[in-house]
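Commentary on secondary and tertiary structure
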Amino acid sequence: MVANANIPTLELNNGTEIPQLGFGVFRVEPTETTRIVTDALEVGYRHIDTAAIYGNETGVGEAIASSGIARDELFVTTKLWNDRQTDAQAAFDESLEKLGLDYVDLYLIHWPTPEKDTFVEAWKSLEKIYATGRAKAIGVSNFLVPHLEKLLADTDIVPAVNQIELHPAHQQPEVTAFAREHGIHIEAWGPLGQGKYPLFDAPEVAAPAAAHGKTPAQVVIRWHLQTGNIVFPKSNRRERMAENFDVFDFELTADEVAAITSMEREGRVSAHPNEVN
């Protein structure tokens, strides 16, 4: 694919290139999605992350269709919801129809739902979808090490990514280390902590923001990029979208990166993967 020249790309384990910075539409109202994604595309984003459960795939598709941007310049992700793990092929077809696309660049199992114990069955369906070319890469979301171990033991394709809650207070080092060992890229959702703790006031973030003439949010996004995460902050405001995108003209020092990394405290702010079923 050809990404926006401003955005670095990473190579997934099947050779697919993914823009490292994207735009997420979690909790974006369906009626506002087309406008918001249009703004994001105009700002320069080329990687859009949605999911069936968000209810806004149609709006994402409408924004893409009206953008005038060539399909091969875009990277589109959607996700399989929990109650469709035994019906993944039909769920995928529905997502493609809503998006108005012939293929997605990445299709994810949204949660492992361990009590259902159906994610291996779902993954085997994703492997079949991948074989058709209608998903250029497949991966998982919110998987912990035991879930990944079970998946790798019982299936053929290693996930291209694992999309997990990841921000300075909750970096999931065990999951990220396992992913690195097995060639799985980490995507960070909630990359700014969802405003649920005073991240931007922390001296580890505020000091480099002042030093580089950047906002605390820009510093945290830059930390994600420099530590190798794929990241897609969301905003409904165009000026904030542009601010989040403006992170390629500075670089944190090794000490600044280390200071932010030292903020780890197992500070999960959302649901635990074993509790979502």
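Residues numbered from 1 in each chain as written. Predicted model: local features only at pLDDT ≥ 70, side-chain atom pairs only at ≥ 80, totals over all residues. Heavy atoms only, no water.

**A word on the sheet that holds strand β3 (residues 23-24)**
Spatially, β3-β4-β5-β6-β7-β8-β9-β10 is the arrangement adopted by the 8 strands of the open sheet, whose pairing is parallel. Strands with a single pairing partner mark the edges of an open sheet, and in this sheet they are β3 and β10 (230-231). With 2 bridges connecting them, strand β7 (residues 138-141) and strand β8 (residues 161-165) associate as parallel partners. Pairing of Val-140 across the sheet is with Asn-162, part of β8. The strands touched by helix α3 (residues 88-99) are β5 (75-80) and β6 (106-109); relative to β5, the strand with the most contacts, the crossing angle is about 140 degrees. (Pairing = 2+ DSSP bridges. Helix = DSSP H or I, 4+ residues; strand = E, 2+ residues; numbered from the N terminus. Contact = heavy atoms within 4.5 Å. Axes fitted to C-alpha atoms, helices over the stretch in contact; angles between N-to-C directions.)

**Let's talk about the packing of aromatic side chains**
Following the criterion strictly, the structure yields 6 aromatic pairs and no others. A centroid spacing of 5.4 Å and a plane angle of 55 degrees characterise the contact between Phe-26 and Tyr-54, whose relative ring orientation is tilted. With Phe-26 in the loop between β3 and α1 (30-43) and Tyr-54 in the loop between β4 (47-49) and α2 (57-67), the pair connects residues that are 28 residues apart, well separated along the chain. On the accessibility criterion, Phe-26 (33% relative accessible area) is partly exposed. Both rings, one in Tyr-45 and one in Phe-245, keep their centres 5.0 Å apart while their planes meet at 65 degrees; by these two values the pair is edge-to-face. Here the residue Tyr-45 occupies a position in the loop between α1 and β4, and Phe-245 occupies one in helix α9 (residues 238-245), the gap between them amounting to 200 residues. Owing to a relative accessible area of 1%, Tyr-45 belongs among the buried residues under this scheme. Taking the relative accessible area as the measure of exposure, Phe-245 reaches 9% and is therefore buried. Every member of this aromatic cluster is reached through a ring pair, and the members are Phe-23, Tyr-45, Phe-245 and Phe-248. (Phe/Tyr/Trp six-rings, centres within 6.5 Å; stacked < 30°, edge-to-face > 60°. Buried < 20%, exposed > 50% of the residue type's maximum accessible area, 1.4 Å probe, protein only.)

**Considering helix α10 (residues 254-261)**
Among all positions in α10, only Glu-256, Val-257 and Ile-260 are buried. Each buried residue of α10 lies within a common arc of 100 degrees when the element is viewed along its axis, so the set occupies one face. In α10, the exposed positions angled more than 90 degrees off the buried face are occupied by Ala-254 and Asp-255. (Arc of directions from axis to C-beta.)

Functional significance is not addressed by these values, which are geometric in nature.
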